[in-house]
Every structure is written in C-alpha cells, then in structure tokens.
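The chain contents come next:
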Amino acid sequence: MFANFLIGLREGLEAALVVSILVAYLVKTDRRDLLPRIWAGVGIAVAISLAFGAALTFGPRGLTFEAQEAIGGALSIVAVGFVTWMIFWMSNAARGLGAELRGRIDAAADAGRWSLAVVAMLAVGREGLETALFLWAATQAATRDTVGAITPTWEPLVGAALGLAVAVVLGYLIYRGAIRINLSHFFTWTGAFLILVAGGVLAYGVHDLQEAGILPGLNNLAFDVSGAIPPSSWYGTLLKGVFNFSPATTWLEAAAWLLYVVPVGTLFFLNRRRQVAPAPAAQPAGSSGSSRTAA
C-alpha cells in the first residue's frame with residue numbers, strides 16, 4: 001500500500017505542478033478566459049488515464065492463463081521502462097519545466113482555440129498513462145499469492161488514491177504560495193525508492209514470462225526463505241507490498257533485479273551528484289592559474 005501511495009504521490013505531484021504552472025501563468029498574464037481550455041485538457045487526460053487503467057484491469061480476462069501471464073509480464077517490463085525514463089527525465093528537467101511550459105502556452109494561445117487544451121492534455125496525460133500502467137503492474141505484483149493467483153485487494157488502490165489526493169492538495173498549496181517544498185530533494189529520494197519498486201516489478205514481470213513458458217528457469221530457485229519470511233506474515237506482506245519481494249525467487253528474477261537496480265541506481269545518483277556539484281570559479285582574465293617566481 002505504501003509503495004502505491006508513493007507512486008500516486010510522486011506522479012500526481014508532477015501532474016499537479018504542471019497544472020499549477022499553466023494556471024499561474026495564465027492568471028499572471030491576465031488571460032483567465034483561457035483557463036477553461038486548460039481544465040478541459042486536464043479532464044480529457046484524466047478520463048483517458050482511467051479508461052487505460054480499466055482496459056489493463058479487465059482486458060486480459062477470458063484469456064488463457066499463459067496468455068494472461070505473457071501480457072502481464074510484457075506490460076510490467078514496459079512499465080519499468082516508462083518509470084525509469086520518467087525518473088531521469090524529471091530529475092533533469094525539473095529546473096526548466098516552468099519556462100518550457102510557459103513557452104508552450106504562448107505558442108498554443110497563438111495557434112488556435114483549443115491548442116491550450118491539447119497542451120494540458122498531453123502534459124497531464126503522459127503522467128496519467130505512466131501512473132496507470134505502473135500502478136497496475138505494481139498492484140498485480142503485490143497481490144499475487146504463493147501459487148501465482150491474483151488475489152484482488154482494495155489496499156493498493158486506496159494507497160494510490162490517497163497519494164494522488166495528497167498530491168492535489170500539495171499542488172494547490174504550492175500554487176497558493178502556502179508552502180515551499182525542496183523539489184530537488186523530493187524527487188531524489190522518491191526516485192531512489194521507485195528504482196527499488198521498479199526492480200521488484202521487473203522481477204515480477206520476468207516471473208510472469210517464466211510462467212507463460214516464454215522464459216526458462218521457473219523451477220530453478222536462487223533462494224527460498226519462505227520459512228523465515230512467510231508470505232502470510234505481516235512482515236512478508238509488507239515486503240511484498242512495498243518492494244514486491246518474493247520469498248521464493250528464481251535465478252532469472254534475481255539476476256533481472258540486480259542488473260536493473262545496481263546500474264540504474266548508480267547512474268541516478270551520479271546524475272544527481274553532477275547536477276548539484278558547484279560550478280568551478282572562473283579565473284580572472286590574464287591569470288595564469290599558478291604562481292611563478294620572478295627570475
């Protein structure tokens with residue numbers, strides 16, 4: 001539940017920041033008459049995201065077990081790819097996001113009547129589709145029991161809904177100037193956490209493809225700690241729900257997790273370190289940069 005809350009919070013806050021920038025710019029430039037077009041685009045984006053989530057949830061029903069596992073595994077891997085791109089994109093683009101969106105607003109306002117709605121729909125819709133796909137993959141992984149069956153539960157959905165609700169409130173408070181959040185720190189720590197969550201989703205997707213017969217090694221276990229961490233225990237449920245940890249993990253799942261988390265996590269923190277490193281001080285003109293002793 002906490003993992004889904006964090007996913008909803010982070011993705012929702014990104015969308016809320018986009019909307020707050022769009023609205024604030026129109027208000028400050030005295031173009032309030034264009035606000036309904038922004039909200040129309042946001043509404044369309046939300047509707048498309050909900051429809052996409054419903055299609056993911058109900059679409060595979062009626063298919064064979066192998067087909068469902070193949071679709072689930074493939075979509076989980078796609079979700080990991082999207083969330084990885086999102087983590088790095090937000091880390092690099094956060095500082096210039098406002099200027100980019102203001103430029104799009106000016107261009108859209110001159111282009112046509114509903115261009116602003118399209119800008120808002122694309123900006124929010126991208127976040128919405130990514131959220132729907134990743135939440136679906138994370139929820140599928142977190143609600144799978146020990147024999148591979150999906151046990152429906154309301155907790156992941158409640159967690160995601162609470163995260164989105166908090167994101168909307170934070171977005172409104174930021175817009176009103178009531179609070180200031182260090183977005184750099186926020187996206188750094190949530191990004192690091194989501195890399196761990198994405199690693200679990202990737203391992204789950206690999207396991208699905210193994211059950212579908214697409215990948216080998218379903219019965220070749222790297223470890224089985226079900227005795228020490230029973231899946232039905234509170235801590236087993238917590239590890240499963242937050243990190244998608246499986247007490248019985250195949251060699252291929254373990255390899256996929258390590259080959260994703262270690263290099264992606266390393267690149268992420270190296271990228272963040274490069275961004276926050278202070279720029280070298282410029283030397284005065286004519287300075288040689290080193291002291292010399294006169295002859």
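Above this text sits the structure in question.
The model shown is predicted, which means the values in this text are computed figures rather than measured ones.

## Examining helix α2 (residues 35-58)
One turn of an α-helix holds 3.6 residues; hence residues three or four places apart share an orientation. In this model, α2 (24 residues) spans 35 Å end to end at C-alpha, consistent with the 34 Å of a helix rising 1.5 Å per residue. Turning to α2, its buried residues are Leu35, Arg37, Ile38, Gly41, Val42, Ala45, Ser49, Gly53 and Leu56.

## Re a nonpolar patch on the surface
A cluster of nonpolar side chains, contributed by Ile44, Ile48 and Leu129, occupies part of the molecular surface with about 230 Å² of accessible area. For Ile44, the position within the fold is in helix α2.

## Remarks on the packing of aromatic side chains
Scanning the model with the defined rule gives three aromatic pairs in all. Residues Phe88 and Phe268 carry aromatic rings whose centres are separated by 5.9 Å and whose planes lie at 85 degrees to one another, so their mutual orientation is edge-to-face. Here Phe268 lies in helix α9 (residues 251-276) and Phe88 lies in helix α3 (residues 65-93), a separation of 180 residues in the sequence. An identical accessibility class is assigned to Phe88 and Phe268; each is buried. When the centroid spacing of 5.4 Å and the interplanar angle of 75 degrees are considered together, the rings of Phe268 and Phe269 count as edge-to-face. The class for Phe268 is buried, based on a relative accessible area of 0%. Phe269 gets classed as partly exposed once you look at its relative accessible area, which sits at 38%. Connected via pairs of aromatic rings, a cluster forms that spans Phe88, Phe268 and Phe269.

## Thoughts on helix α7 (residues 183-211)
Its 29 residues place the ends of α7 41 Å apart at the C-alpha level, agreeing with the 42 Å of an ideal helix rising 1.5 Å per residue. α7 sits mainly inside the fold: 24 of its 29 residues count as buried. One or two steps after α7, the chain reaches Gly213, where phi turns positive at roughly 85 degrees.

## Re the nonpolar core
Judged by nonpolar contacts, the single largest core of 39 residues is most densely connected at Ile7, Phe134, Leu194, Val197, Val201 and Tyr260. Those elements that place two or more of their residues in this core are α1 (2-28), α3, α5 (115-142), α6 (155-176), α7 and α9. Setting aside anything within four residues of it in sequence, one finds Tyr260 in contact with Val80, Thr84, Ile195, Ala198, Gly199, Leu202 and Gly265. In this structure, Ala15, Val27, Ala123 and Val124 belong to the second largest nonpolar core, which totals 16 residues.

## Digging into the environment of Gly213
With respect to the helices and strands, the residue Gly213 is situated in the loop between α7 and β1 (221-224). Overall, Gly213 belongs to the exposed group, its relative accessible area being 59%. It is 8.5 Å that separates the C-alpha atoms of Gly213 and Ala70, two residues lying 143 residues apart in sequence.

About the cut-offs
Residues numbered from 1 in each chain as written. Predicted model: local features only at pLDDT ≥ 70, side-chain atom pairs only at ≥ 80, totals over all residues. Heavy atoms only, no water. Helix = DSSP H or I, 4+ residues; strand = E, 2+ residues; numbered from the N terminus. Expected span 1.5 Å × (residues − 1). Buried < 20%, exposed > 50% of the residue type's maximum accessible area, 1.4 Å probe, protein only. Patch = residues over 30% accessible without salt bridge, like charges linked within 9 Å, V, L, I, M, F, W, Y side chains within 5 Å. Areas by Shrake-Rupley, 256 points an atom, 1.4 Å probe, with all protein chains shown as cover. Salt bridge = Lys/Arg side-chain N within 4 Å of Asp/Glu carboxyl O. Phe/Tyr/Trp six-rings, centres within 6.5 Å; stacked < 30°, edge-to-face > 60°. Core = buried A, V, L, I, M, F, W, Y, C linked by side-chain atoms within 4.5 Å. Contact = heavy atoms within 4.5 Å.

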